[in-house]
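# Architecture and fold: a report
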Amino acid sequence: MKFFIYLLLAVSCISKANASEPSQNTVVLISLDGFRWDYIEKHGAKNIAKIAQQGVRGLKMRPVYPTKTFPNHLSIITGLLPINHGVVDNRFCDSERNECYSMGKGKDDSTWFNGIPLWNLASMQGLKSATYFWPESDARFNGMLPDYYYHYSKHSDYQNRVDQIVQWLTLPKAQRPRLVISYFSLVDSMGHEFGPDAKQTQAAVHQLDELIGQLHSRINALSLNANLVLVSDHGMSKVDPEQSIPLNSLPEDDAFMVKNTGPRVLIYANNKTTQGQITAYKKRLAEAAKGRYTVLTDSQRDEYHYPSNGRTGDIILQTTAPRAFSNEGKVNYLGTHGYAYNDDMAATFIANGPAFKQSLVIDEVNNLDVYPLIAKVLGIKILSQIDSDGKTLQPALK
Ligand SMILES: [Zn+2]
């Protein structure tokens, strides 16, 4: 009998210790794809503006290079540069694997990726996690999946996503996720089709603003110590189809394979191509540029943390807005991203909740710093080396 009493006492001590652990915070992390840093004012996102004013706003969030969706979402969620998490563009090839990656391929083959995404970092330390989409969140990173997740479908209803997030947060404590992640692509889609200034893009911003306003008040009503973190992956630039650069206007060379990603062209040497051929082709490409694009130098590539390897290509052509590379003729869109960092490419960062300061504006933050920030709010340890010291977002915490 005595033994059982001791046991009961021991159990109650353990649960007390858990109850008083430093963080009982919940984090809801939402990505609004392509939500440029200035859309809040430019397109009148009233609810998001209010959430930002009451919390922390990083006026501009600096994406990683290249300013594309998958590299940036994976950098935000792993704290690693593209060269280290492995997703160096939305589409790229790997000359060692002798195959190419395209968005969503991780569902069937997670060997494309390195790093510990936040949802796994949470699970590994006993916290449940849930994702209602995030690029590659249905891939088995580290052989694991989020505790709750869906396979990606662009057509999944936005209101259902919000309802599901709230439902997860109302689960009994033992099942309830402490990290909930979701993703909305509409603003990016409209930005591509019609450009950043268009009324369609504005309407998309309003639609998302309504949803985020609703989500925020429903989360707050739950009294969960929930923190809402809103991010985007990159901004958006206007494109002029008349200034398209068709691939067939570039010098050709059979010793290379060419991958067009819009603002950039990745060029891969074939197995038997020599360094001399690479140098000669670079020279021909530079001569044909005529002010339309640049051939990135090694020092530019170092500055962008994008040195040449089997995935990043042996040669990179980079253009500036409003130009874009087309496979042939004119491009069929009015907005894009993937350019070197400038104001148009700057993304959004907002954090609101009990862990964060109120009415704080930070001029520029790095998206690689989101990972250590959220780990800290959740009270979990970082278990592997990351490419961030967390510095730009340290002032955000209370
Ligand atoms: Zn995107």
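Preceding block: the structure.
Residues numbered from 1 in each chain as written. Predicted model: local features only at pLDDT ≥ 70, side-chain atom pairs only at ≥ 80, totals over all residues. Heavy atoms only, no water.

## With respect to the side chain of Thr78
- If you trace the backbone, Thr78 turns up in helix H4 (residues 69-78).
- Given a relative accessible area of 1%, Thr78 falls into the buried group.
- Looking at Thr78, its side chain comes within polar contact range of the main-chain oxygen of Leu74, at 2.6 Å.
- Excluding its chain neighbours within four sequence positions, the residues that come into contact with Thr78 are His85, Asn114, Ile116, Pro117, Tyr371 and Ile386. (Helix = DSSP H or I, 4+ residues; strand = E, 2+ residues; numbered from the N terminus. Buried < 20%, exposed > 50% of the residue type's maximum accessible area, 1.4 Å probe, protein only. Polar contact = N/O pair within 3.5 Å; in protein donor to acceptor, adjacent residues only side chain to side chain. Contact = heavy atoms within 4.5 Å.)

## Remarks on the pairing of strand E5 (residues 129-132)
- Because side chains alternate across E5, one face comprises the buried residues Ser129 and Thr131, and the other comprises Ala130 and Tyr132, equally buried.
- In this structure, E5 lies alongside strand E7 (residues 179-184), joined through four bridges in parallel fashion. Looking at the pairing, Ser129 lines up with Leu179 of E7.
- Bridge analysis of E5 against strand E6 (residues 148-149) gives two bridges, and the strand direction is parallel. Each residue of the ladder has a partner; that of Thr131, found in E6, is Tyr149. (Pairing = 2+ DSSP bridges.)

## A few points about the coordination of the zinc ion
- Around the zinc ion, the protein supplies Asp33 (OD), Thr69 (OG1), Asp233 (OD) and His234 (NE2) as donor atoms, at distances of 1.9 to 2.1 Å.
- Around the zinc ion, the four donor atoms are arranged such that angles at the metal cover 94 to 136°; this shape is classified as irregular.
- In the primary sequence, the donor residues of the zinc ion line up as D-x35-T-x163-D-H. Of this pair, Thr69 sits in helix H4 while His234 sits in the loop between strand E8 (226-231) and strand E9 (237-238), and the two are 165 residues apart along the sequence. (Donors = N, O, S within 2.8 Å, 3.2 Å for Na, K, Ca; no water. Tetrahedral: all angles 85-135°; square planar, octahedral: opposite > 155°, others 65-115°.)

## Observations regarding the layout of surface pockets
- The computed volume of the largest pocket comes to approximately 870 Å³.
- Looking at the lining of the largest pocket, the elements with two or more residues in it are H4, helix H8 (186-194) and strand E15 (325-326).
- Broken down by element, the residue count for the lining of the largest pocket peaks at four residues, all from H8.
- Among the residues making up the lining of the largest pocket, the classes are represented as 12 nonpolar, 15 polar and 11 charged. (1 Å grid on protein atoms, 1.4 Å probe; cavity = no way out; pocket = protein on both sides within 12 Å on 5 of 7 lines; lining within 4 Å. Points joined across faces, edges and corners; volume = space filled by probe spheres on them. Nonpolar A, V, L, I, M, F, W, Y, C, P; charged D, E, K, R; others polar.)

## Section: the sheet that holds strand E12 (residues 264-269)
- Spatially, four strands are ordered E11-E12-E14-E13 in an open sheet, and the strand pairing comes out antiparallel. Strands at the two margins of the open sheet, each flanked by one partner only, are strand E11 (256-260) and strand E13 (294-295).
- Of the strands in this sheet, E11, E12, E13 and strand E14 (315-318) are in contact with helix H10 (residues 275-289), which crosses E14 at around 10°. (Axes fitted to C-alpha atoms, helices over the stretch in contact; angles between N-to-C directions.)

## Thoughts on the pattern of salt bridges
- Within the structure shown, the criterion is met by 15 salt bridges.
- Notably, a salt bridge pairs Asp344 with Arg36, separated by 3.5 Å at the nearest N-O pair. Note that Asp344 is positioned in the loop between strand E16 (335-336) and strand E17 (347-352) and Arg36 in the loop between strand E1 (26-32) and helix H2 (39-42), a separation of 308 residues in sequence.
- The exposure class of Asp344 is partly exposed, given its relative accessible area of 28%.
- Its salt-bridge partner being Arg57, residue Glu41 comes within 2.8 Å of it at the nearest N-O pair. Of the two residues, Glu41 is situated in helix H2 and Arg57 in strand E2 (residues 56-62); the sequence distance between them amounts to 16 residues.
- Beyond isolated ion pairs, a larger network of salt bridges with shared partners links Arg36, Asp38 and Asp344. (Salt bridge = Lys/Arg side-chain N within 4 Å of Asp/Glu carboxyl O.)

## Points about the packing of aromatic side chains
- Counted by the stated rule, this structure contains 19 aromatic pairs.
- Between Tyr65 and Tyr306 the ring centres are 5.0 Å apart and the planes differ by 80°, which places this aromatic pair in the edge-to-face class. Within this pair, whereas Tyr65 is found in the loop between E2 and H4, its partner Tyr306 is found in the loop between helix H11 (298-303) and E14, the two being separated by 241 residues in sequence.
- Since its relative accessible area comes to 7%, Tyr65 is described here as buried.
- Their ring planes at 85° and their centres at 6.2 Å tell us that Trp119 and Phe141 sit as a pair that is edge-to-face. With Trp119 in helix H6 (residues 118-124) and Phe141 in the loop between E5 and E6, this residue pair connects regions lying 22 residues apart in the sequence. Phe141 shares its class with Trp119; the two are buried.
- Members of the aromatic cluster, each reached through a chain of ring pairs, are Tyr132, Phe133, Tyr148, Tyr150, Tyr152, Trp168 and Tyr183.
- Lying across the ring of Trp37, Lys60 places its NZ or CZ 4.7 Å from the centre. (Phe/Tyr/Trp six-rings, centres within 6.5 Å; stacked < 30°, edge-to-face > 60°. Lys NZ or Arg CZ within 6 Å of the ring centre and 35° of its normal.)

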